[in-house]
Amino acid sequence: MTNTTSTTEPVLGGAAGAAAPAPDVTGATDGSRASRPNGRNGRNGRNGRKRRRAAWGVMSTREKVLRYVLLVVVLFITIGPFLWQLSTSLKGTGEDIYTANPSFIPTQPTFGNYLRVGEAIPVFGYIGNSLVVAAIDVLGNIVFATLAGFALARLQWRFRKAVLGLFLATLVLPGEATIISQFVTVKDLGLADSLVGVALPGMIAALNVLLMFNAFRQIPEEIDQAAVMDGANALQRLRYISLPAVQGTIAVIAIFSFIGAWDDFLWPLIVLQSPDKLTLTVGLQYLQGTFATDQRMIAAGTMIAFIPIAVIFAILQRFFFKGVEEGGVKG
């Protein structure tokens, strides 16, 4: 006689029993707990992600307005005086620039003030002298700051850290603290009242050396080690490996050196005595003294001094921003 068993009876401890969810203390199963994030917690998570995307991706209207207001204020402070000088330099003699409500746009625009500057002082001779000084300073900083920065960053030699500390220490001293010793040195070398004497102290700046040191330091050491294994010496590593990676920083140094040499006033005033050797910044003071009441000519002279800086920056701006963002070798 055969004993039959019902197929619907659950088998305890079997595969079906292992798969059955175990009830928790509240009577809810794991399956019901797993479905809870789809409710309130799930909505909170999605809302949190939306808030993060709104915070990092899209600006609110209030933030946009605030940023544009700040931008307008900064532009007004930085570019406003320049635009006012440009407007004054283009105003004719019939316009009153001392009125209580002067107009920003010239009502009688003219380039006659620029021609009068050329008649009052040898402005082109002064521009030539300034270009000579600036060219010497730019070339000197590119060569010497590059060599010094490479030696501090990529070569191993005694007292390297001490020399680096001395370069850092020179940044603390103002230029006026060493101007007397610089003048005595230039005079003893027989370079007083000469353009070379004006350019000599600015041929290498500590800040430019540190900029090149930081640029060379970003290059991975493995590249230098591989070049050494291939038999490359220090100059070959500088020429073929390091210099192509720091071209942007070199452009930054060139722009800073040119602006510093072009705008320098105190040092050329001390060194130079001959009227035909004056730089543009010193020569423009003749306009201030002789034509003190004619601010139109003074403004025109200021614009003439600004033009070469604008041209140099326009030529090198692509390399300048590359140097600002430069950081090592990018693969």
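Residues numbered from 1 in each chain as written. Predicted model: local features only at pLDDT ≥ 70, side-chain atom pairs only at ≥ 80, totals over all residues. Heavy atoms only, no water.

Structural notes on the environment of Asn113
Going by this rule: In DSSP terms, a helix is any run of H or I states spanning at least four residues, a strand is any run of E spanning at least two, and both are numbered starting from the N terminus. Here the term buried applies to any residue with accessible area under 20% of the maximum for its type, exposed to any over 50%, and partly exposed to those in between, with areas from a 1.4 Å probe on protein chains only. The contact criterion used throughout is that any non-hydrogen atoms of two residues lie within 4.5 Å. We call two N or O atoms a polar contact when they sit within 3.5 Å, provided that within protein one can donate a hydrogen and the other can accept it, with sequence-adjacent residues counted only if both atoms are side-chain atoms.
For Asn113, the location among the structural elements is in helix H6 (residues 112-120). Judged by relative accessible area, Asn113 falls into the buried class, the value being 2%. C-alpha separation for the pair Asn113 and Asp294, spaced 181 residues apart in sequence, amounts to 9.7 Å. Leave out the neighbours within four places in its chain, and Asn113 touches Thr88, Ser89, Leu90, Lys91, Arg296, Met297 and Ala300. Of the polar contacts made by the side chain of Asn113, one reaches the backbone oxygen of Ser89; its length is 2.8 Å.

A short note on the layout of surface pockets
What counts here: Site definitions follow a grid-based scheme: protein atoms alone, a 1 Å grid, a 1.4 Å probe that fits but cannot get out for cavities, and for pockets an open set with protein on both sides within 12 Å along at least five of seven lines, plus lining residues having an atom within 4 Å of a point. Grid points are joined across faces, edges and corners, and a volume is the space filled by probe spheres set on the points. Each residue gets one of three labels, nonpolar for Ala, Val, Leu, Ile, Met, Phe, Trp, Tyr, Cys and Pro, charged for Asp, Glu, Lys and Arg, and polar for the others, Gly among them.
Its volume calculated, the largest pocket comes out at about 1000 Å³. For the largest pocket, the lining is made up of 30 residues, of which Gln182, Pro201, Gly202, Ile204 and Ala205 are closest to its centre. Of all the elements in the fold, those that place two or more residues in the lining of the largest pocket are helix H7 (123-154), helix H8 (160-170), helix H9 (179-188), helix H11 (206-217), helix H14 (247-263) and helix H15 (266-271). Sort the elements by how many residues they give to the lining of the largest pocket and H14 lands first, with four residues. Its residues placed into classes, the lining of the largest pocket shows 18 nonpolar, nine polar and three charged.

Observations regarding the pattern of salt bridges
What counts is decided by this rule: Each reported salt bridge corresponds to a side-chain nitrogen of Lys or Arg within 4 Å of a carboxyl oxygen of Asp or Glu.
A full pass over the atoms with the stated rule returns three salt bridges. Between Glu221 and Arg154 there is a salt bridge; the shortest N-O distance is 4.0 Å. Remark: Arg154 occurs in helix H7 and Glu221 occurs in helix H12 (residues 221-229); sequence separation between them is 67 residues. Put simply, Arg237 and Asp224 hold a salt bridge, and the shortest N to O gap is 3.9 Å. Of this pair, Arg237 sits in helix H13 (residues 234-245) while Asp224 sits in helix H12, and the two are 13 residues apart along the sequence. Summarising the burial analysis for this pair, Arg237 and Asp224 share the class buried.

Quick look at the environment of Phe256
Here Phe256 shows up in helix H14. C-alpha separation for the pair Phe256 and Leu207, spaced 49 residues apart in sequence, amounts to 10.0 Å.

Details of the confidence of the model for the chain
Detailed reading of the predicted model is not advised wherever pLDDT is low. As a reminder, the rule being used: On a range of 0 to 100, pLDDT expresses the predictor's confidence in each residue.
Averaged over every residue, the pLDDT of the chain is 79; residues scoring 70 or more account for 78%. Highest mean pLDDT in the chain belongs to helix H10 (residues 195-199) (94); lowest belongs to helix H1 (residues 15-19) (43). Scored below 50 in pLDDT, residues 1-37 shows eleven contacts in the model against residues more than four places distant or in partner chains. Below pLDDT 50 for its whole length, residues 327-331 participates in nine contacts with residues either more than four positions away or in separate chains.

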